[in-house]
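# Coordinates in review
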Amino acid sequence: MQIKNVMVVGAGQMGAGIAQVFAQAEYNVILHDLKEEFVQKGMDYISKNMNRQVEKERMTREAADAVIGRLKPSTDLNNAANVDLVVEAVVENLDIKAKLFTHLDDIAPDHAILATNTSSLPITEIAAATNRPERVIGMHFMNPVPVMKLVEIIRGLATTDEIYQLIEETTKTLKKTPVEVNDFPGFVSNRILMPMINEAIYTVYEGVAEPEAIDEVMKLGMNHPMGPLTLADFIGLDTCLFIMETLHEGFGDDKYRPCPLLRKYVKAGWLGKKAGRGFYQYN
Ligand SMILES: CC(=O)CC(=O)SCCNC(=O)CCNC(=O)[C@H](O)C(C)(C)COP(=O)(O)OP(=O)(O)OC[C@H]1O[C@@H](n2cnc3c(N)ncnc32)[C@H](O)[C@@H]1OP(=O)(O)O
Ligand SMILES: NC(=O)C1=CN([C@@H]2O[C@H](COP(=O)(O)OP(=O)(O)OC[C@H]3O[C@@H](n4cnc5c(N)ncnc54)[C@H](OP(=O)(O)O)[C@@H]3O)[C@@H](O)[C@H]2O)C=CC1
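Calculation notes
Residues numbered from 1 in each chain as written. Chains lettered and ligands numbered in written order. Predicted model: local features only at pLDDT ≥ 70, side-chain atom pairs only at ≥ 80, totals over all residues. Heavy atoms only, no water. Near = heavy atom within 4 Å. Polar contact = N/O pair within 3.5 Å; in protein donor to acceptor, adjacent residues only side chain to side chain. Areas by Shrake-Rupley, 256 points an atom, 1.4 Å probe, with all protein chains shown as cover. Helix = DSSP H or I, 4+ residues; strand = E, 2+ residues; numbered from the N terminus. Buried < 20%, exposed > 50% of the residue type's maximum accessible area, 1.4 Å probe, protein only. Pairing = 2+ DSSP bridges. Axes fitted to C-alpha atoms, helices over the stretch in contact; angles between N-to-C directions. Contact = heavy atoms within 4.5 Å. UniProt positions renumbered as here; feature names shortened; annotations may be inferred. Expected span 1.5 Å × (residues − 1). Arc of directions from axis to C-beta. Parallel < 35°, antiparallel > 145°, perpendicular 65-115°, else oblique. Left-handed = near helix turned anticlockwise from the far one by under 90°. Nonpolar A, V, L, I, M, F, W, Y, C, P; charged D, E, K, R; others polar. Core = buried A, V, L, I, M, F, W, Y, C linked by side-chain atoms within 4.5 Å.

Moving on, we get to the site of ligand 1. Taken together, 19 residues lie near ligand 1, and Lys56, Arg58, His140, Asn143 and Asn190 sit nearest. Contact between ligand 1 and Asn143: a nitrogen atom at 2.7 Å from a main-chain N or O atom of the residue. Within the contact set of ligand 1, an oxygen atom lies 2.8 Å away from a side-chain nitrogen or oxygen of Asn190. Alone, ligand 1 offers 1000 Å² of accessible surface; in the complex the protein occludes 64% of this.

Okay, here's the thing in structure tokens:
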């Protein structure tokens, strides 16, 4: 089987980046979201990135236009009827993802692979919402997708070796490095990263230091490219909370309890950079 036609569902910060890297690797890509304005926002993000490549003389205008030309906007899920691979990147909510996978299973051709970019949820449970669990897999990209080299690949209980290998090969065609990881809450990346971010939030909550000071300690002291609170804002505080809840519930261990301040910020709509306010203000 050869993958040529791809649909990315969810045109937010991850979906747009994923669509961009597939289009750059010469796949035909449908970028789908619920509303036209969200799809347009994703397309604008990709155009901006392409323009920057042209300005920096890393790409010709023609090559950049060809990337854009391989992207088709969509607000109708029936457009999944002719694809070989779907990569889902909607909100980190198991009910929403499971319902979406049931729909995609009805629409997509039998041979199509249904992948999820979930950052913490059980692949096996998402797969169980379909009649093709052997063709469902986790393909966890890192943010910002065009820059970060890693893709965690997670098999569900029923995922076949053939599908795993095909996704591993496909990831390499995107010039990314696949790493195989088992299906446990948060996989490897977020099981390790998110408790650090949550602890940084507790450090603010308990008045140990100001956000700027905490970020400075981790940047200058540990050589992290971004401090944990800047990174939390960048990821999205809603996504951070969803991931902590998945770890807390999935392991049943209070060491993963989300910090009350994280809950408060999410309830206030302070979702980080994408909302203009989180631990920092962006406009
Ligand atoms: C939550 C999950 O499930 C998993 C996750 O993704 S966790 C998050 C993982 N990501 C991280 O940890 C990111 C940590 N931060 C970093 O690595 C860096 O700060 C960074 C790469 C984001 C920016 O790097 P920087 O050196 O500080 O800034 P800058 O010089 O502006 O950018 C470096 C390059 O990245 C590009 N870039 C930065 N942000 C970008 C974005 N959002 N989209 C596309 N490209 C971007 C820049 O254009 C630049 O590329 P060129 O040199 O080709 O022009
Ligand atoms: N942020 C990060 O750093 C990372 C996130 N992830 C994962 O990627 C996924 C997306 O995260 P992210 O891009 O940050 O989130 P965003 O909030 O930026 O984007 C999610 C997009 O999906 C749309 N959406 C929601 N429900 C549906 C649906 N049923 N059908 C189609 N589109 C829908 C949203 O629309 P609306 O605004 O209307 O809800 C929104 O445009 C999550 O599973 C997250 O855990 C993985 C790696 C890193």
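Take the site of ligand 2 next. Asp33, Glu92, Lys97, Ser119 and Ile235 are the nearest of the 22 residues found near ligand 2. At 2.7 Å, a side-chain N or O of Asp33 approaches an oxygen atom of ligand 2. Ser119 is positioned with one of its side-chain polar atoms (N or O) 2.5 Å from an oxygen atom of ligand 2. Isolated, ligand 2 exposes 890 Å² of accessible area, and the fraction of that covered by the protein chains is 82%.

Moving on: the environment of Leu231. Position of Leu231 among the secondary structure elements: in helix α9 (residues 228-235). On the basis of relative accessible area, Leu231 is assigned to the buried category, the value being 18%. Considered as a pair, Leu231 and Asn143 are 88 residues apart in the sequence and their alpha carbons are 9.8 Å apart.

Right, let's get into the sheet that holds strand β5 (residues 113-116). The mixed open sheet is built from 8 strands, whose spatial order is β3-β2-β1-β4-β5-β6-β7-β8. The sheet is open, and its two edges are formed by β3 (71-74) and β8 (177-181), each paired on a single side. The sheet shows a mean angle of 25° between the axes of neighbouring strands, direction not considered. Pairing of strand β6 (residues 136-141) with strand β7 (residues 150-155) involves 5 bridges; the strand directions are antiparallel. Bridging from a neighbouring strand, Phe141 pairs with Val151 of β7. Most of the contacts of helix α6 (residues 161-173) go to β7, to which it runs at about 170°, and overall it touches β4 (85-88), β5, β6, β7 and β8.

With that out of the way, let us pick up the UniProt feature "domain: 3-hydroxyacyl-CoA dehydrogenase C-terminal" (unreviewed entry) in the protein. Following the UniProt record, one finds the feature "domain: 3-hydroxyacyl-CoA dehydrogenase C-terminal" (unreviewed entry) at residues 186-282. The span residues 186-282 is 62% helical and 0% strand by assignment, and the distance between its end C-alpha atoms comes to 28 Å.

Moving on: α6. Along its 13 residues, α6 runs 19 Å from first to last C-alpha, staying within 8% of the 18 Å computed at 1.5 Å per residue. Those residues of α6 lying buried are Ile163, Tyr164, Leu166, Ile167, Thr170 and Thr171. Buried residues of α6 fall within an arc of 165° about the axis and therefore sit on the same side. Phi for Lys175, located one or two positions after α6, is positive at around 65°.

Quick look at the packing of helix α1 (residues 13-24) against helix α2 (residues 36-55) now. At their nearest, the axes of α1 and α2 sit 9 Å apart, and the two run at 50° to each other. Between α1 and α2, the angle falls in the class oblique. Where α1 crosses over α2, the handedness of that crossing is right-handed. Of the residues in α2, those touching α1 at Ala16, Gly17, Ala19, Gln20 and Gln24 are Gly42, Tyr45, Ile46, Asn49 and Met50. Among the residues making up the contact of α1 with α2, the classes are represented as 5 nonpolar, 5 polar and no charged.

On to the nonpolar core, then. Of all hydrophobic cores here, the largest spans 37 residues; its most connected members are Ile18, Phe22, Leu85, Val87, Met139 and Phe141. Of all the elements, α1 adds the most residues to this core, at 6 residues. The next biggest cluster of nonpolar side chains, apart from the first, holds 25 residues, and it includes Ile214, Leu231, Ile243 and Tyr256.

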